[in-house]
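Here's the letter readout for the chains.
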Amino acid sequence: MTESWTAQDAASMLRPPGPRDDKYRRGVLGVRTGAAHYPGAAVLGVTAAWRAGVGMLRYVPPVDDAAPPFGLPTPAAAVLAARPETVLGPPTGRPCDAWVMGSGTDAATRSAAELGELRTLLAGDAPLVIDAGALELVTAGADRSAPVILTPHGGEFERLWRSAQLGDLPDDWDSRGIDPAPRGVAAARLAAALDATVLLKGSVTVCASPRGRVLSAGPATPWLASAGTGDVLAGILGALVAGRSAEVHDDPDLLARLGATAALLHDHAARHAADDPRADGSGHPITAADVAAAIPQAFAELVSQRG
């Protein structure tokens, strides 16, 4: 059964800082996203995580990446120019509480050294938000100890389904569908097969835990159907997971709740940016950067709805 995740539900998951908090208590997020051809993906995810309230963010550029084409900056240079508060390089002391990986990367061009680093994270303890080019690293029966939430869109979901050898997709499957029930059933099957929480992106986003809990959020404003908005969602989710990482191991369904909360925060930010409060397509076009810029306003709005 698919449960509808409301703004009030999301508000209960958001944690504004208190007087006893410091940057570490608010969560330290590691980010391994972007590549020579896609430095913007790293900028968008990092910006979104900062604006969603992470306490500290460490960006780790891909190892042995190709030289940037077209005169582009490296991902690390682009991130530092956009968000100078970001720390660069792998952790040398205090470990990161959670990681985001995969946005703006391509498995076909990933170096062997970078692949080894990602596999080390999969074998660790910190929760992982896995997007786009890193999704293929999570396969059925793989040796993995880190709690994982995957963030595929419809096409990526179908590829994961085939890699999990689940047979034909359900007859009522529609990669662009908005009925949460069949999407939830499919997501729950994949989550159980991969032993990973699955956040299936779309106008209606569903989050399924390996234990079978399924949450739905949306429909979202259609102005979110724009390049780069998935990178923003991954950054938001990374910030939320980093702030609750100590609880993830004790609560198997927490990643699903955080995923649904991130989806609602993402949508509310897009509604503010597009001036589309009813999510009916009124308002005006937006970019992914506009969505990231509106996250603080959306955060405050959701927190105000606490019961």
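Keep in mind the model is a prediction, meaning the values are calculated, not measured.

Reading the values: rules and limits
Residues numbered from 1 in each chain as written. Predicted model: local features only at pLDDT ≥ 70, side-chain atom pairs only at ≥ 80, totals over all residues. Heavy atoms only, no water. Helix = DSSP H or I, 4+ residues; strand = E, 2+ residues; numbered from the N terminus. Rg over C-alpha atoms; globule rule 2.2 N^0.38 Å. Buried < 20%, exposed > 50% of the residue type's maximum accessible area, 1.4 Å probe, protein only. Contact = heavy atoms within 4.5 Å. Areas by Shrake-Rupley, 256 points an atom, 1.4 Å probe, with all protein chains shown as cover. Lys, Arg positive; Asp, Glu negative; His and termini not counted. Charge placed at Lys NZ, Arg CZ, Asp CG, Glu CD. Arc of directions from axis to C-beta. 1 Å grid on protein atoms, 1.4 Å probe; cavity = no way out; pocket = protein on both sides within 12 Å on 5 of 7 lines; lining within 4 Å. Points joined across faces, edges and corners; volume = space filled by probe spheres on them. Nonpolar A, V, L, I, M, F, W, Y, C, P; charged D, E, K, R; others polar. Salt bridge = Lys/Arg side-chain N within 4 Å of Asp/Glu carboxyl O. Phe/Tyr/Trp six-rings, centres within 6.5 Å; stacked < 30°, edge-to-face > 60°.

Caption draft 1: Up close: the overall build of the chain. Secondary structure summary: the chain contains 11 helices and 10 strands in total. The C-alpha radius of gyration computed for the chain amounts to 18 Å, which stays within 12% of the reference 19 Å derived for 307 residues, consistent with globular compactness. Across the 307 residues of the chain, 54% fall into the buried class. In the chain, of all internal contacts separated by at least 6 residues, the share reaching a separation of at least 24 is 71%. Here the chain has roughly 13000 Å² of accessible surface; of this, 52% comes from carbon and sulfur atoms. Once the 26 positive and 34 negative side-chain charges of the chain are each reduced to a mean point, those two points are 5 Å apart.

Caption draft 2: Helix H11 (residues 295-303), seen in detail. All of the buried residues along H11 are Ile295, Ala298, Phe299, Leu302 and Val303. End-on view of H11: buried residues confined to an arc of 130 degrees, all on one side of the axis. Buried-residue contacts for H11 involve helix H1 (7-13), helix H2 (39-51), helix H7 (229-243), helix H9 (254-274) and helix H10 (288-293).

Caption draft 3: Representation of the environment of Pro210 within the structure. Here Pro210 lies in the loop between strand E9 (205-208) and strand E10 (214-217). When the C-alpha positions of Pro210 and Leu190 are compared, they lie 8.2 Å apart, and in sequence the two are 20 residues distant. In contact with Pro210, other than residues within four places in its own chain, are Ala191, Ala192, Asp195, Ala196 and Thr197.

Caption draft 4: Region of the structure containing the layout of surface pockets. As a volume, the largest pocket reaches approximately 640 Å³. Along its surface, the largest pocket is lined by 28 residues, and Lys201, Gly202, Ser203, Leu224 and Ala225 are the ones closest to its centre. With four residues, the top contributor of residues to the lining of the largest pocket is H9. Grouping the constituent residues of the lining of the largest pocket by class yields nine nonpolar, 15 polar and four charged. One number sums up the size of the second largest pocket: a volume of about 450 Å³. Along the walls of the second largest pocket sit 24 residues, with Arg15, Arg25, Arg26, Gly243 and Arg244 positioned nearest its centre. For the lining of the second largest pocket, the elements supplying multiple residues, two or more each, are H7 and helix H8 (245-248). Per-element tally for the lining of the second largest pocket: the top contributor is H7, with four residues.

Caption draft 5: Inspection of the pattern of salt bridges at higher detail. For the coordinates displayed, the defined rule picks out 13 salt bridges. As a salt-bridge pair, Arg211 and Asp253 come within 3.2 Å of each other at their nearest N and O atoms. Taken together, the positions of Arg211 in the loop between E9 and E10 and Asp253 in the loop between H8 and H9 put the pair 42 residues apart, joining distant regions of the chain. Its relative accessible area of 9% is what places Asp253 among the buried residues. Its salt-bridge partner being Asp267, residue Arg271 comes within 2.8 Å of it at the nearest N-O pair. Of this pair, Arg271 and Asp267 both sit in helix H9, four residues apart, which is roughly one turn of the helix. We note that Arg271, like Asp267, is buried. By sharing partners, the salt bridges in this structure join Arg15, Arg244 and Glu247 into a single network.

Caption draft 6: How the structure looks around the packing of aromatic side chains. What the rule picks out here adds up to two aromatic pairs. The interplanar angle of 35 degrees and the centroid separation of 6.0 Å between the aromatic rings of Phe157 and Trp161 together place this pair among those described as tilted. Of this pair, Phe157 and Trp161 both sit in helix H5 (residues 154-163), separated by four residues, roughly a single helical turn. Here the two residues Phe157 and Trp161 agree in accessibility, since each one is buried. Ring geometry for Phe157 versus Trp173: centroids 4.9 Å apart, planes at 20 degrees, classification stacked. You can see Phe157 sitting in helix H5 and its partner Trp173 sitting in the loop between H5 and helix H6 (180-194), a full 16 residues away along the chain. Accessibility classification places Phe157 together with Trp173 in one group, the buried group. By the ring-pair criterion, three or more aromatic residues cluster together here, those being Phe157, Trp161 and Trp173.

Caption draft 7: Spotlight on unusual backbone geometry. With an omega of 5 degrees, the peptide bond between Gly218 and Pro219 qualifies as cis. Mapped onto the elements of the fold, Pro219 is located in the loop between E10 and H7. The backbone of Asp64 shows a phi angle near 55 degrees, a positive value even though the residue is not glycine. The backbone of Asp275 sits at a positive phi, close to 55 degrees, despite the residue not being glycine. Assignment of secondary structure puts Asp275 in the loop between H9 and H10.

Caption draft 8: Region of interest: the environment of Asp171. Mapping Asp171 onto the fold places it in the loop between H5 and H6. Considered as a pair, Asp171 and Pro182 are 11 residues apart in the sequence and their alpha carbons are 9.3 Å apart.

Function cannot be inferred from these measures alone, as they are strictly geometric.
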